[in-house]
Amino acid sequence: MLPKGALTGKTVIDLSRMLPGPYCSMLLADHGARVIAVEDKRFAGDPFFVSALYRNKEHMTLNLKTEPGRQVFARLAGQADVLIEGFRPGVTARLGVDWACMQELNPSLVYCSITGYGQSGPERDRAGHDVNYLAAAGVLDLIGRPAGPPIIPGIQIADLAGGMNAALGILLALLAREQTGKGQYVDISMSDAAMGLLPFALNYLNQTGQSPQRGDFLLAHGYACYNTYQTADGRAISIGALEPKFWAALCTHLGLNGFIQHQFDDSRREEIQAAFRAALAQKTLAQWEEELYSLDACCQGIRTLDEALAADQFQDRGMVQHLPDSHGRLVPTLGLPIRLEGTPGGLRTPPAGFGAHTEKILEELGYSPSDVRDLATKGVI
C-alpha cells in the first residue's frame, strides 16, 4: 500500500477541461486528494482529452444545464473541500454554480477559477490559448532568434504555470481555512502566470532601460557562454558556463584560452560565438558528453523526449513510471516532481476513463439504481 499523501482526506471537484485545470487537479490527486472530474458527456471523444492528466482521479458525466444536473452537483459541492472551474467569466453564474452560490451552499469551500485573463480587466472576456497568453504577457517576444517572428515553445508554458499557480493558491486557501474556518475565492489568470515568469527580463529592463531583445541578451543566445551549439552529427549541446570558473574551464578545454577574459566583451561577441560554433562542430554529441561532463562546466547534451525518459537520472528519481492505458498496455507516465519524505503521495490508479465513475459516485450521493437510470434517460448523465 502506498503511503498517504499530504492531501489525503481532501475532496476536489474539477469542472475544468483541456490542460491547466486538469494539470492542477492532477498535482493535488498525486498527493492524496480525492479528485472527481466532472464533464458534460458531449465532450466524450474530444481529441484534447489528455488521458495522462486523469491518473489518481475519478471521472463522471453531468449536464449542468439541467435542473437535476445542478441538484447532483449541489450534493457533490456540499461535501467538497475544493472546486476548480475553467469557464470564461460569467458562465458559472449562468449555470448556477458560481462562487456566490457555492459559498452559500458550503462556506468552507475553496473555489478556484482558472481563466485566460482573469476575472477583471478589459481583456477578461477574450478567448485565448497558451500562445496568446504568452504573447499578451511579453514572454513570446523573448523566445526565438532575432530574425523572424517569435517561436512557439514545444510545451504549454502559460497553461502549466497557470495550473501550478492554481494548485499553490488552493493550498494557501486551505491553509488559511485552518485559521478562519472559511473557504475563499482563488482567481487564477494564465496570462498573469506568464507575466509572473519575467523577473529576470524585468530586472534587465530596470538596469538598462531597454527591453531584452529576442535571441540577443544574456540568457538567450547573447553570449557564447550561455548558448546552444550543433555537433558533428547534427545533434546539439547546451552550454551554461555563466560563472567565470566554468567559462575558464570550458575555454581551456577547447583551446580557446584567449577568450577567458572576454566572456562578456560586446565588441567580440560574434567572434567568440563563431569560434565556439566551429570548435563544438568538430565532434559528435556522444563524444562531447564523454569529454565535457567530467569537466563540470555546465554542459548538457540536448536530449529528445524518448532519450530523457530513458535517462538514468530520471529513472533513478522515479520521474518515469508506468501505468496501464485504456487497452491494458503499460505506457510511460510522468512521476511526481514534488518529493516529500513523510507524505510522498504516489500513483495509485491509472487514468480514469471518460464517465467511468458516474454510477459509483451517484450511488455514494444517495441515488438508487433506478434514479441513476432515470438521470441517464433524461440526458443528465
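What you see as residue numbers is a count from 1 along each chain, following the sequence as written. Side-chain atom pairs in this predicted model are given and counted only at pLDDT of 80 or more, local residue features only at pLDDT of at least 70, and totals for whole chains, interfaces and linings cover all residues. As a rule here, side-chain values cover all heavy atoms of the structure and leave hydrogens and water aside.

A. Representation of the packing of aromatic side chains in the model. The rule is short: rings of Phe, Tyr and Trp, with Trp giving its six-membered ring, pair when the centres are within 6.5 Å, and they are stacked under 30 degrees, edge-to-face over 60, tilted in between. Applying the stated criterion to the full structure yields ten aromatic pairs. Seen in terms of ring centroids, Y117 and Y133 are 5.4 Å apart; in terms of plane orientation they differ by 85°. Their pairing is edge-to-face. In this pair, Y117 sits in the loop between β5 (110-115) and α5 (130-136) while Y133 sits in helix α5, placing the two residues 16 residues apart along the sequence. Per residue, the accessibility class of Y117 equals that of Y133, and both read buried. Taken together, the ring pairs connect F49, Y54 and F354 into an aromatic cluster. For the cation-ring pair, K57 lies above Y54, with the distance from its terminal atom to the ring centre recorded as 4.7 Å. Strands are runs of DSSP state E lasting at least two residues, helices are runs of H or I lasting at least four, and both sets are numbered from the N terminus onward. The buried label applies to any residue whose accessible area, calculated with a 1.4 Å probe on protein chains only, is under 20% of its type's maximum; exposed applies above 50%, and partly exposed to all values in between. Our definition puts a charge over a ring when NZ of Lys or CZ of Arg is within 6 Å of the ring centre and also within 35 degrees of the ring normal.

B. Just the side chain of R55, in detail. Mapped onto the elements, R55 comes out in the loop between β2 (34-39) and β3 (57-61). Taking relative accessible area as the criterion, R55 reaches 1% and is therefore assigned buried. Here the side chain of R55 touches T333 through a polar contact of 3.3 Å, side chain to side chain. Residues adjacent in sequence count toward polar contacts only when both atoms are side-chain atoms; beyond that, a polar contact is any pair of N or O atoms within 3.5 Å, and within protein one must be able to donate a hydrogen and the other to accept it. One polar contact links the side chain of R55 to the main-chain carbonyl oxygen of L334, over a distance of 2.3 Å. Residues count as neighbours in contact if any of their non-hydrogen atoms are within 4.5 Å of one another. The contact partners of R55, leaving out residues within four places of it in the chain, are M26, A29, D30, L323, T333, L334, G335, L336, L347, T349, P350 and P351.

C. Representation of unusual backbone geometry in the model. Of note, D296 is a non-glycine position whose phi angle comes to about 55°, a positive value. Structurally, the position occupied by D296 is in the loop between α11 (285-292) and β9 (299-301). Using a relative accessible area of 58% as the deciding quantity, one classes D296 as exposed. Here C298, not a glycine, exhibits a phi torsion of approximately 65°, which is positive. Relative to the assigned elements, C298 resides in the loop between α11 and β9. Note on C298: relative accessible area 35%, which makes it partly exposed.

Purely geometric stuff here, so don't read any function into it on its own.
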